[in-house]
Amino acid sequence: MGLVMGTFSMQSKQVSYHKDKADDDLEMTMVCHRPEGLDQLEAQTNFSKRELQVLYRGFKNECPSGVVNEDTFKQIYSQFFPHGDASTYAHYLFNAFDTGHTGSIKFEDFVTALSILLRGSVTEKLQWTFNLYDINRDGYINKEEMTDIVRAIYDMMGKYTYPVLKNDAPKQHVDAFFQKMDKNRDGVVTLDEFIFSCQEDENIMRSLQLFENVI
Amino acid sequence: MAAGVATWLPFARAAAVGWLPLAKKTMPKPPVDNSSRSDEILYLNVSGVRFQTWKNTLDRYPDTLLGSSEKEFFFNEDTEEYFFDRDHEMFRHILNFYRTGKLHYPRHECIQAFDEELAFYGIVPEIIGDCCMEEYRDRKKENQERLAEDTEANESMDAPLPPDSTPRERLWRAFENPHTSTMALVFYYVTGFFIAVSVIANVVETVPCRPPEGRIKDLPCGEKYQLAFFCMDTACVLIFTFEYLMRLFAAPSRCKFMRSVMSVIDVVAIMPYYIGLVMPENEDVSGAFVTLRVFRVFRIFKFSRHSQGLRILGYTLKSCASELGFLLFSLTMAIIIFATVMFYAEKGTKGSTFTSIPASFWYTIVTMTTLGYGDMVPNTIAGKIFGSICSLSGVLVIALPVPVIVSNFSRIYHQNQRADKRRAQQKVRLARIRMAKKGTTNAFLQYKEDRALGGRDSDSTALCVKNRSAFEHQHHHLLHCLEKTTNHEFTDEMTYSELCMTESVGFRTSRSTSLSSQQGAQNNPTGCCPRRARRRAAMRLANSTASVSRGSVQELDTLHIKTTSIPPQTRSSLNAQADDLKLNCGEQDFTAAIISIPTPPANTPDESLPPSPAPIPGILRNTRATAFTHETVKISSL
């Protein structure tokens, strides 16, 4: 009989745990964020009103609460890269988008970043990219950060690649990168070095124009 | 990919800027997107209710009707909207699917209607969201079961026997569906009666009767009137054996039959008698013999053939096997637990009835089922406490699976009720359909009459013509064309029945509008008749009001042939020529034209005619007798 009572009591404890979690979720979903007015956003970004409308409709459809948290972001991004594991890179991207470090992306963050990436000047784009690589936001890209980023990118490729992915491919890639970017050979890349090196490279400059017509 | 993810694609592409500095090779050119950038609002008019949505919303699912170019077929240039002549309430759900990516199933809608809508819009039902999927599946399964049992009922139960069934098939059918023939019904009741008699005899023979003279002790009736009971038993067993053997003979699959439950019950019911006959009156084996007599009570299960309720009960128990199993298992667990506890609680007391754990089982069962005989009672306080807990929990454990079993029984019972109700309704429905069909046939005949008379009296025809709608006109024209094609004519019931009544018909040429003796008459519209080669039919049209008289000039009308089977022996002997047409009809009423053929009166038809392909004009032969039950009309031809 004691066993029976014990079982019953255990059940009730579990139930209460679930209830707490449900309450948390409920609270989360209650948070609703509204972006600033359309005019303000138009002034702040390089998008027209119409484009902002299209963007917001899509955004709101996906995230009715008005914010994207990291898990959802990872999930969305992973769906574009089904072969490999996109979660690490998505994490870095999320941090790059979430400029206020609030843990969630609001529509303004989203649209600001898109504005830079799609309609920004070359310098702005490169600056954004530098921010992405600089994981700890200290103004310098060191080898470890770069290796993390590169490894995250290679993770997205998945296992089945041609030619077969070797273990030291990220490292080699990072070495090549530093070879090119690190002008004063001090082991870190600063923003200026980065921008300067990129502007030297024809290929990079050309490809920066490619993504302008995405919207 | 999920719908909404398409919205994020631009962002993912933009984020690709982050790879550029790292790129080892140059990036490929992006695809050129020629489609218009600006999103436009589309108007969807669904039976008058206007829906508006962005084009992008619909484009999310390009493999559906609305997402592909298929919707252009529904575009109405005048109003510049897409018009769908469908249910607008269900369209709501379809459109919401595009908007939210989740398809919901509205509970109040009919499952078939919903499925049809989905099929129309090209949406696969599998994407119904989890919230509604269970309900959808349940309803669909229910519907399919109902349809399956409909068709099953239609096929198996009331379908008439094919004409060429062997006696064995007929016998089996008589056994399975006693209401099909009187003999079967009689046999059914007789066996039922004998089962009852046998069971009652078994019961009565143990009742104590007054002892005969010279004995004081009461004797069971079985021993007093031993001979009488033995005779009754023999008679019953004979009947049962006969029945079993007949069933065995008639069964289409003997192995399957022998393995079926009812057959096993039959065998078990009659075996003890035979074993008893065979076994000698030995004291050693008489104990076993007595046990065998117990099996005679299984005869009562033979009643399940006679009672639908019993069968349903059996079926319910079978279908609730898992719940019953659970009940049994949980009870066993509880019994063991409580018996152990009680045993140890009562161990110390002197004269305790709880001598062992198995002995305590009895107490536990009696207590849990709240029987409480009182032959074993706990004496210690601990024993009493545990005993009370035992009885309380017993109520709970038993009460739990019972509603499941009850609801199962109720569902199956109602299903059966539905089957019976439907059978009754089916007859009414068929009658009504028949009447409707007759209406159309009469209308057509009227039309033809008018046309025939048309030449003479233009006024009346004009009047008649006006009374018919354009649809009717076209329909009648169509039927007329068919007649011309097949060289047969439509007629009505009465005329046909008259025709059928006569055994042979002599004819004369009627003022037919067409006489064609060329290529073989095509058969009825349902086209299931075998056409023998080189058959020709000379057919004439006849006046629709002609009556048929035997042996004299006849003008025949078209026959209205109902379908049932005819036993082969009613075929008219005439025209054993190979040129016979045999019209075989499907289930619907079919009207086939009958031919009136000119024949010299001397040439009396029928039996006297030699089966030679003489150039006799085709003679119409009907099968004998049974008016409406004829299925084949033999029409000989030139």
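Residues numbered from 1 in each chain as written. Chains lettered and ligands numbered in written order. Predicted model: local features only at pLDDT ≥ 70, side-chain atom pairs only at ≥ 80, totals over all residues. Heavy atoms only, no water.

**Considering the overall build of chain A**
What counts, and what does not: A helix here means a DSSP run of H or I that spans at least four residues, while a strand means a run of E at least two residues long, and both kinds are numbered starting from the N terminus. The contact rule is simple, with two residues in contact once any of their heavy atoms fall within 4.5 Å. Only the protein chains shown count as cover for residues, and the accessible areas themselves come from Shrake-Rupley with a 1.4 Å probe.
Assigned secondary structure in chain A consists of 11 helices and four strands. A separation of at least 24 residues holds for 59% of the contacts in chain A among residues at least 6 apart in sequence. Surface exposure of chain A reaches about 12400 Å², of which carbon and sulfur atoms provide 55%.

**Some points on the overall build of chain B**
The cut-off we apply is this: For every residue, the accessible area (1.4 Å probe, protein chains only) is compared with the maximum for its type, and the residue is labelled buried under 20%, exposed over 50%, or partly exposed between those bounds.
Within chain B, the secondary structure is distributed over 20 helices and 13 strands. Here chain B, with 638 residues, has 38% of them falling under the buried criterion. Long-range pairs, those at least 24 residues apart, make up 68% of the contacts in chain B between residues at least 6 apart in sequence.

**Comments concerning the packing of aromatic side chains**
Under the convention used in this document: Between the rings of Phe, Tyr and Trp (Trp by its six-membered ring), a pair exists once the centres lie within 6.5 Å; its type follows the angle of the planes, with under 30 degrees stacked, over 60 edge-to-face, and the other angles tilted. A ring is considered to have a charge above it if a Lys NZ or an Arg CZ atom is located within 6 Å of its centre and within 35 degrees of its normal.
A full pass over the atoms with the stated rule returns 44 aromatic pairs over all chains. Here the aromatic rings of Phe 75 of chain B and Tyr 82 of chain B are separated by 4.9 Å at their centres, their planes lie at 55°, and the arrangement is tilted. Judged by its relative accessible area of 29%, Phe 75 of chain B falls in the partly exposed class. The structure contains a cluster of three or more aromatic residues connected by ring pairs, namely Phe 51, Phe 74, Phe 84, Phe 91, Phe 120 and Tyr 121 of chain B. Over the face of the ring belonging to Phe 178 of chain A we find Lys 143 of chain A, whose NZ or CZ atom lies 5.6 Å from the ring centre.

**Let's talk about the pairing of strand β4 (residues 81–84) of chain B**
Residues and elements named next belong to chain B. Cut-off, in case you're wondering: When DSSP finds at least two bridges between two strands, those strands are taken to pair.
Sheet topology places strand β1 (residues 41–46) next to β4; three bridges connect them, and they run parallel. Bridge pairing links Leu 44 to Tyr 82 in β4. As judged from the two bridges shared by strand β3 (residues 75–76) and β4, these two strands associate in the antiparallel manner. Bridge pairing in β4 links Asn 76 to Glu 81.

**Focus on the UniProt feature "domain: EF-hand" (unreviewed entry) in chain A**
Residues and elements named next belong to chain A. Cut-off, in case you're wondering: UniProt positions are given in the numbering used here, feature names are shortened, and annotations may be inferred rather than shown by experiment.
Sequence positions flagged by UniProt for "domain: EF-hand" (unreviewed entry) are, in local numbering, residues 85–120, 121–156 and 169–204. Here residues 85–120 runs as 67% helix and 8% strand, with 29 Å between its end C-alpha atoms. The annotated region residues 121–156 carries 72% helix and 8% strand content, and the separation between its end C-alpha atoms amounts to 28 Å.

**Observations concerning the interface of chain A and chain B**
How we decide: Throughout, the accessible surface (probe 1.4 Å) given up by two parts as they are put together, summed over both, is called the buried area. We count a salt bridge whenever a side-chain nitrogen from Lys or Arg sits within 4 Å of a carboxyl oxygen from Asp or Glu. Polar contacts, as used here, are pairs of N or O atoms within 3.5 Å; protein pairs need one atom able to donate a hydrogen and one able to accept it. Residues neighboring in sequence count only if both atoms are side-chain atoms. Each residue is assigned to one of three groups, with Ala, Val, Leu, Ile, Met, Phe, Trp, Tyr, Cys and Pro labelled nonpolar, Asp, Glu, Lys and Arg labelled charged, and all others, Gly among them, labelled polar.
With 46 residues of chain A in contact, the opposing surface of chain B contributes 33 residues. Between chain A and chain B the total buried area reaches about 3500 Å² when both faces are included, carbon and sulfur atoms providing 74% of it. Counting the contacts that link chain A with chain B gives zero salt bridges. One can count two residue pairs in polar contact (both at pLDDT 80 or more) joining chain A with chain B. Per-class residue counts for the side of chain A that touches chain B are 34 nonpolar, eight polar and four charged.

**Some thoughts on the pattern of salt bridges**
Any two side chains of opposite charge can pair, so long as their charged atoms come close to each other. Under the definition given, this model contains 20 salt bridges over all chains. Residues Asp 175 of chain A and Lys 171 of chain A are paired through a salt bridge, measuring 3.5 Å at the closest nitrogen-oxygen approach. One end of the pair is Asp 175 of chain A and the other is Lys 171 of chain A, both in helix α9 (residues 169–181) and four residues apart, which spans about a single turn. Classification of Asp 175 of chain A as partly exposed rests on a relative accessible area of 29%. For Lys 171 of chain A, a relative accessible area of 52% translates into the label exposed. In this structure, the salt-bridge partner of Asp 115 of chain B is Lys 140 of chain B, at a minimum N-O distance of 3.4 Å. Here Lys 140 of chain B lies in helix α5 (residues 130–157) and Asp 115 of chain B lies in helix α4 (residues 111–121), a separation of 25 residues in the sequence. Residues joined in a network through salt bridges with shared partners are Glu 243, Arg 247, Asp 266, Lys 302 and Arg 305 of chain B.

**Structural notes on the nonpolar core**
Let me state the cut-off plainly: Among buried residues, those of type Ala, Val, Leu, Ile, Met, Phe, Trp, Tyr and Cys that are joined through side-chain atoms within 4.5 Å constitute a nonpolar core. Domain borders in the structure are assigned automatically or taken from a domain database.
Judged by nonpolar contacts, the single largest core of 64 residues is most densely connected at Tyr 77, Phe 110 and Met 146 of chain A. Three or more residues apiece are contributed to this core by two domains, here domain 1 (47–119) and domain 2 (121–214) of chain A. In contact with Phe 110 of chain A, other than residues within four places in its own chain, are Leu 55, Phe 59, Phe 97 and Ile 105 of chain A together with Trp 8 and Phe 11 of chain B. Counting 27 residues, the second-largest nonpolar core is a separate cluster that includes Met 90, Phe 97, Ile 123 and Tyr 136 of chain B.

**A closer look at a nonpolar patch on the surface**
Residues and elements named next belong to chain B. Note the following rule: Patch building starts from residues that exceed 30% relative accessible area and form no salt bridge, then joins like charges within 9 Å and nonpolar side chains (Val, Leu, Ile, Met, Phe, Trp, Tyr) within 5 Å.
On the surface, Leu 310, Leu 313, Leu 317, Phe 409 and Tyr 413 cluster together into a nonpolar patch covering about 410 Å² of accessible area. Element by element, the count of residues in the nonpolar patch is highest for helix α13 (residues 308–319), at three residues. Here Leu 317 is to be found in helix α13.

**What about the packing of helix α9 (residues 226–250) of chain B against helix α11 (residues 261–278) of chain B?**
Residues and elements named next belong to chain B. Definition in use: Inter-axis angles, ranging from 0 to 180 degrees, are taken between N-to-C directions of lines fitted to C-alpha atoms, where helices are fitted over the stretch in contact. We call two directions roughly parallel when the angle between them is under 35 degrees, roughly antiparallel when it is over 145, roughly perpendicular when it lies between 65 and 115, and oblique otherwise. We call a crossing left-handed when the near helix sits turned anticlockwise from the far one by less than a right angle, and right-handed when that turn is clockwise.
Axis separation between α9 and α11 bottoms out at 10 Å; the angle between their running directions is 135°. The orientation of α9 relative to α11 falls into the category oblique. Where α9 crosses over α11, the handedness of that crossing is left-handed. Contacts between α9 and α11 involve Phe 230, Asp 233, Thr 234, Val 237, Phe 240, Thr 241 and Tyr 244 from the former and Ser 263, Asp 266, Val 267, Ile 270, Tyr 273, Tyr 274 and Leu 277 from the latter. For the contact of α9 with α11, the residue count by class is nine nonpolar, three polar and two charged.

**A few points about the pairing of strand β2 (residues 49–54) of chain B**
Residues and elements named next belong to chain B. As paired strands, β1 and β2 are joined by six bridges and run antiparallel to one another. Within β2, the residue paired with Leu 44 across the bridge is Phe 51. Linking β1 back to β2 in an antiparallel pair, the connection comprises two residues, with Ser 47 at a positive phi of about 40°.

**Quick word on the sheet that holds β1 of chain B**
Residue and element names in this part refer to chain B. Taking strand neighbours across the sheet as the criterion, the four strands line up as β2-β1-β4-β3 in an open arrangement whose pairing is mixed. Strands at the two margins of the open sheet, each flanked by one partner only, are β2 and β3. Relative to the sheet, helix α3 (residues 88–100) contacts β1 and β2, its axis offset from that of β2 by approximately 5°.

**Describing unusual backbone geometry**
Here His 101 of chain A, not a glycine, exhibits a phi torsion of approximately 55°, which is positive. Structurally, the position occupied by His 101 of chain A is in the loop between α5 (87–97) and β2 (104–106). Positioned with a positive phi, Thr 370 of chain B is a non-glycine residue whose angle comes to about 55°. If you trace the backbone, Thr 370 of chain B turns up in the loop between α15 (357–368) and α16 (381–399).

**A closer look at the environment of Leu 165 of chain A**
Residues and elements named next belong to chain A. Inspection of the secondary structure assignment puts Leu 165 in the loop between α8 (143–157) and α9. Sequence separation between Leu 165 and Tyr 154 is 11 residues; the distance between their C-alpha atoms is 8.7 Å. Here Leu 165 is in contact with Tyr 154 and Gly 158, once residues within four sequence places are set aside.

**Focus on α16 of chain B**
The cut-off we apply is this: Between the first and last residue of a helix there are one fewer steps than residues, each counted as 1.5 Å, and that sum is the expected span.
An ideal rise of 1.5 Å per residue puts 27 Å on 19 residues; α16 of chain B measures up with 28 Å between its terminal C-alpha atoms. Of the surrounding elements, those touching the buried residues of α16 of chain B are α14 (321–345) and α15 of chain B.

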